[in-house]
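Observations on the three-dimensional arrangement
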Amino acid sequence: MSSTEQTLSIIKPDAVERNLDNEIKEMFKSKGFKIVKEKKIQIEKVEAETFYKVHETKPFYNDLCSYLSSGPIVVMVLEKENAVLANRELMGATNPKEATDGTIRKKYGISIDKNSVHGSDSVENAKIEINFFFKD
Ligand code: IDP
Ligand code: MG
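The notes below deal with the structure included here. (Residues numbered from 1 in each chain as written. Chains lettered and ligands numbered in written order. Predicted model: local features only at pLDDT ≥ 70, side-chain atom pairs only at ≥ 80, totals over all residues. Heavy atoms only, no water.)

1. With respect to the overall build of the chain
A tally of helices and strands in the chain yields seven helices and four strands. Relative to the globule expectation of 14 Å for 136 residues, the C-alpha radius of gyration of the chain, 14 Å, shows essentially globular dimensions. If one aligns the C-alpha atoms of the chain with their principal axes, the spans along those axes are about 40 × 35 × 25 Å. Residues classed as buried in the chain amount to 46% of the 136 residues present. Across the chain, the fraction of contacts at a sequence separation of at least 24, relative to all contacts at a separation of at least 6, is 75%. In the structure as shown, the chain presents an accessible area of about 7,500 Å², 49% of it carried by carbon and sulfur atoms. For the chain, the centre of its 21 positive side-chain charges and the centre of its 22 negative side-chain charges are spaced 2 Å apart. (Helix = DSSP H or I, 4+ residues; strand = E, 2+ residues; numbered from the N terminus. Rg over C-alpha atoms; globule rule 2.2 N^0.38 Å. Buried < 20%, exposed > 50% of the residue type's maximum accessible area, 1.4 Å probe, protein only. Contact = heavy atoms within 4.5 Å. Areas by Shrake-Rupley, 256 points an atom, 1.4 Å probe, with all protein chains shown as cover. Lys, Arg positive; Asp, Glu negative; His and termini not counted. Charge placed at Lys NZ, Arg CZ, Asp CG, Glu CD.)

2. Digging into the site of ligand 1
All residues adjacent to ligand 1 are Lys12, His55, Phe60, Leu64, Arg88, Thr94, Arg105, Ile112, Asp113 and Asn115. Within the side chain of Arg88, one N or O atom sits 2.8 Å away from an oxygen atom of ligand 1. In the model, an oxygen atom of ligand 1 is placed 2.5 Å from a nitrogen or oxygen of the Thr94 side chain. For ligand 1, the protein covers 76% of the area, taking 530 Å² as the surface of the free molecule. Considering only residue class, the shell around ligand 1 consists of three nonpolar, three polar and four charged. (Near = heavy atom within 4 Å. Polar contact = N/O pair within 3.5 Å; in protein donor to acceptor, adjacent residues only side chain to side chain. Nonpolar A, V, L, I, M, F, W, Y, C, P; charged D, E, K, R; others polar.)

3. Structural notes on the side chain of Glu129
With respect to the helices and strands, the residue Glu129 is situated in helix α7 (residues 123–133). In this structure, Glu129 is buried with no salt-bridge partner, the nearest side chain bearing the opposite charge being Arg88 at 7.6 Å. In this structure, Glu129 is in contact with Leu8, Phe51, His118 and Ser120, ignoring residues within four places of it in sequence. (Salt bridge = Lys/Arg side-chain N within 4 Å of Asp/Glu carboxyl O.)

4. What about the pairing of strand β1 (residues 4–11)?
The buried fraction of β1 is high, at six of eight residues. One ladder, built from eight bridges, connects β1 with strand β3 (residues 73–81); its direction is antiparallel. Looking at the pairing, Thr7 lines up with Leu78 of β3. Taken together, the three bridges between β1 and strand β4 (residues 117–119) define a ladder with antiparallel strand orientation. When the bridges of β4 are listed, Ser9 appears paired with Gly119. (Pairing = 2+ DSSP bridges.)

5. Things to note about the sheet that holds strand β2 (residues 34–41)
The four strands are arranged β2-β3-β1-β4 in an open sheet whose pairing can be described as antiparallel. Each of the sheet's edge strands pairs with one partner strand only, and the pair in question is β2 and β4. Taken over all neighbouring pairs, the strand axes of this sheet differ in orientation by 20° on average, direction set aside. Packing against the sheet, helix α5 (residues 83–91) makes contact with β1, β3 and β4, and its axis sits at approximately 35° to β1. On the sheet, α7 packs against β1, β2, β3 and β4 and is oriented at approximately 55° with respect to β1. (Axes fitted to C-alpha atoms, helices over the stretch in contact; angles between N-to-C directions.)

6. Comments concerning the packing of aromatic side chains
The tally for this structure, following the rule as stated, stands at five aromatic pairs. With a centroid separation of 4.9 Å and 80° between ring planes, the pair formed by Phe132 and Phe133 is classed as edge-to-face. Given a relative accessible area of 22%, Phe132 falls into the partly exposed group. Of the aromatic side chains, those joined through ring pairs into one cluster are Phe51, Tyr52, Phe132 and Phe133. If you follow Lys135 out to its NZ or CZ, it ends over the ring of Phe132, 5.3 Å from the centre. (Phe/Tyr/Trp six-rings, centres within 6.5 Å; stacked < 30°, edge-to-face > 60°. Lys NZ or Arg CZ within 6 Å of the ring centre and 35° of its normal.)

Dropping the structure here:
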């Protein structure tokens, strides 16, 4: 079963800082994703804490939230058939060292924390995350 879905993608500070946002957007487009909403913003640490609430018990939570709020990010709503899974596949493994060829994290990721992109991990979380950044 396939159906058109939306997912939330974030180009993280390490990638925006290296001016990789256009190259990464081209990777999404070349895989058939439509970028239906997009904005470049910088968030406050408290907003990152809310966004990453699911990780609040993890040892890396504080660093993760500091990092996501440390510089500009590009937040996008991507649309495609089975977009959530397709985006996870295109992103690659959380740790760029484990990511396979052709994935964004393999190509651009620096380390497990500076791994260049975020992507929703389920249709349900995609809705929550899209609403978090694009309330209208
Ligand atoms: P994901 O981004 O592939 O969905 P999650 O497990 O949801 O990975 O973790 C969220 C983010 O937290 C990761 O993208 C990464 O930046 C960071 N992270 C995950 N695991 C670690 C870790 O073991 N050390 C440091 N940072 C981590
Ligand atoms: Mg995740």
